[in-house]
Amino acid sequence: MENQIRGRLGEVAAQACATIDPNRSPTVEVDLLEGRLLIAGLSLFEGDLGGGASIQLSGHLDTLEIAGLSVMDLLFHQRVSVRTLRIRSSDLLIRLLPIAGPEKPVPPDAVGDPWLVDVSSFYCKANTIMLITARGDTVNTSDDGLLVSGRNVQFVPGAEGSRSVDDLLLSLGGISGTLPDNYGWSIGRCVLDQTSSTFALYQASIGPRDSLEQHSTTLRFEKDVIQARIDTIQLAGLDLDKALSNSVCSLRRIILSSGEVNVLRDKTLPDGPSGKQPLLGTLLRRLPAGWGADSVSAERLNVRYRERADRARGYADIPFSQLGATITGFRSDVHDTSAYVVQAHCIAFSTAPVTMVLRGMVRDPTDRFDLNATIGAMPFSVLNQATGPLLDVRCTEGKIHSVLFHMIATDEHASGSVLMHYDGLKLTSGGRKRKETMNRLETMLLNTLVQNDHRDSNGAPGEGRFSFPRRQDRALFNYMWSGLREGTKAVLLPEVLSR
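Rules used throughout
Residues numbered from 1 in each chain as written. Predicted model: local features only at pLDDT ≥ 70, side-chain atom pairs only at ≥ 80, totals over all residues. Heavy atoms only, no water. Helix = DSSP H or I, 4+ residues; strand = E, 2+ residues; numbered from the N terminus. Buried < 20%, exposed > 50% of the residue type's maximum accessible area, 1.4 Å probe, protein only. Contact = heavy atoms within 4.5 Å. Areas by Shrake-Rupley, 256 points an atom, 1.4 Å probe, with all protein chains shown as cover. Pairing = 2+ DSSP bridges. Patch = residues over 30% accessible without salt bridge, like charges linked within 9 Å, V, L, I, M, F, W, Y side chains within 5 Å. Salt bridge = Lys/Arg side-chain N within 4 Å of Asp/Glu carboxyl O. Core = buried A, V, L, I, M, F, W, Y, C linked by side-chain atoms within 4.5 Å.

### A short note on the overall build of the chain
Consideration 1: Check the secondary structure of the chain and you find nine helices and 22 strands.
Consideration 2: With 499 residues in all, the chain has 40% of them scored as buried.
Consideration 3: Pairs at least 24 apart in sequence give 63% of the contacts found in the chain among residues at least 6 apart.
Consideration 4: A total of about 27100 Å² of accessible surface is found on the chain, and carbon and sulfur atoms cover 56% of it.

And the structure:
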């Protein structure tokens, strides 16, 4: 029996494009009366790539132990019924192979009757795993590797609720990987706990392997370069049985807690191939049926956006701190009258409180949304880190008391208004010209044109209105920013110049 199993192991290894170490024969022990099988010390090397194979495997199977195997079920009922299953492995290398052409359909008469699987309890520990995708991206784990355990695993082909498990606990530590365009990602640890219906990621990060500025120099076209770190990402209310049986991921809540997001954009680069950026409504409608979450929340995030329009002036710096946001109605399978709502708050430029509410209907094919935002008091001078590099203009005096921003937008067009209460605005040229006389003349012209105290005849803050078509290759944040920019221009500048 042991020799037959050894021979069968060679056949299984060949199907995974692997060979068994010829200098180290694995230990095989079989006890049919107790239903026990032990395989220990199995070493696999990369072998020849078989025709149509999808995976190549190498590494060490330290132990595979099965207890309570029902021989009668195995021989006569096409059922794998096991009391306990324990697996330990190390130094696994899993290489996914590219599929050459479409798969050929398997004739129905070539497929046997399906097998039923029933495992009362299982435990699996795998140290140091490397996965290489078909296009060469890699995923690695540290020595912590994979630890997974659970009870009552059942697989009943064709039956309702055909895949299920109880008390599943999965822990994966020290994960890192590569992505296209010289990006990398890592996760300190992830834990799936079926008992509490949660899945959590800790110390998750993604970004280019070089600094943002260095990576930007390698780009051919203008695009965002993003570097992000989130301390905790938690998915709550996960129905694992539903996810396994129906391939539906439905959640009660997704929470992102504490972290930093840095975005850099070099507008001196040429535009790349035009591609449409979907708005939030379209993204929700694209979710697979049944997928989504009742709410998605972010808390204690710091976001920094930098943009360059002129190489000589460097990058404008626009910081947002203490960002908190919640999206409700983040689902695709909703009624026509169901709405999604985004509520957010933060501190802009280290001093001004900002609140925002955005509403839209999930099923609206025009992606129409209504945005209302409020910006609190701040001196104009804090804007210099943005206006200096972008406009070559600096604010020397003045204070913003409040800004009210309203925008109604669709996938095609936006309109709205900015109501700004401010006074005492004075500007100066950034000084990019060599002659000081030209700087003084430019500063004088700026302060002549700009309205330094914008009020109507009753003394109330004045209003700037805007209307413009949407740039389809820009995402939602850029769309909102464009509305605020155009409305602010309409407040600060005479109408003839703000068009």
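### Thoughts on the pairing of strand β17 (residues 352–361)
Consideration 1: A one-sided burial pattern is seen for β17, the buried positions being Ala352, Val354, Met356, Leu358 and Gly360 and the unburied ones Pro353, Thr355, Val357, Arg359 and Met361.
Consideration 2: In this structure, strand β16 (residues 339–348) lies alongside β17, joined through ten bridges in antiparallel fashion. Bridging across to β17, Val342 finds its partner in Leu358.
Consideration 3: What sits between the antiparallel neighbours β16 and β17 is a turn of three residues, in which Phe349 has the positive phi angle 50 degrees.
Consideration 4: Pairing analysis gives seven bridges linking β17 to strand β18 (residues 369–375), with the strands arranged antiparallel. Opposite Gly360, over in β18, you have Phe369 as the bridge partner.

### Some thoughts on a nonpolar patch on the surface
Consideration 1: Taken together, Met72, Leu74, Leu75, Phe76 and Trp115 make up a surface patch of nonpolar side chains, about 550 Å² in accessible area.
Consideration 2: Topologically, Trp115 is positioned in the loop between β5 (79–96) and β6 (116–132).
Consideration 3: Given a relative accessible area of 38%, Trp115 falls into the partly exposed group.

### As for the nonpolar core
Consideration 1: Counting residues in hydrophobic clusters, the biggest one holds 93 residues, and the most contacted among them are Phe369 and Met407.
Consideration 2: The greatest single-element share of this core, amounting to seven residues, is contributed by strand β20 (residues 393–409).
Consideration 3: Among all residues touching Met407, those that are not within four sequence positions of it are Phe369, Asp370, Leu371, Ala414, Ser415, Gly416, Phe466, Phe468, Tyr479, Met480 and Gly483.
Consideration 4: Counting six residues, the second-largest nonpolar core is a separate cluster that includes Tyr183, Leu219, Leu264 and Leu269.

### Some points on the environment of Thr19
Consideration 1: Tracing the backbone through its elements, the reader meets Thr19 in strand β1 (residues 18–20).
Consideration 2: Sequence separation between Thr19 and Ser58 is 39 residues; the distance between their C-alpha atoms is 8.3 Å.
Consideration 3: Contact partners of Thr19, with chain neighbours within four places excluded, come to Ser43, Leu44, Phe45, Glu46 and Gly47.

None of the figures reported here should be taken as evidence of function without further support.
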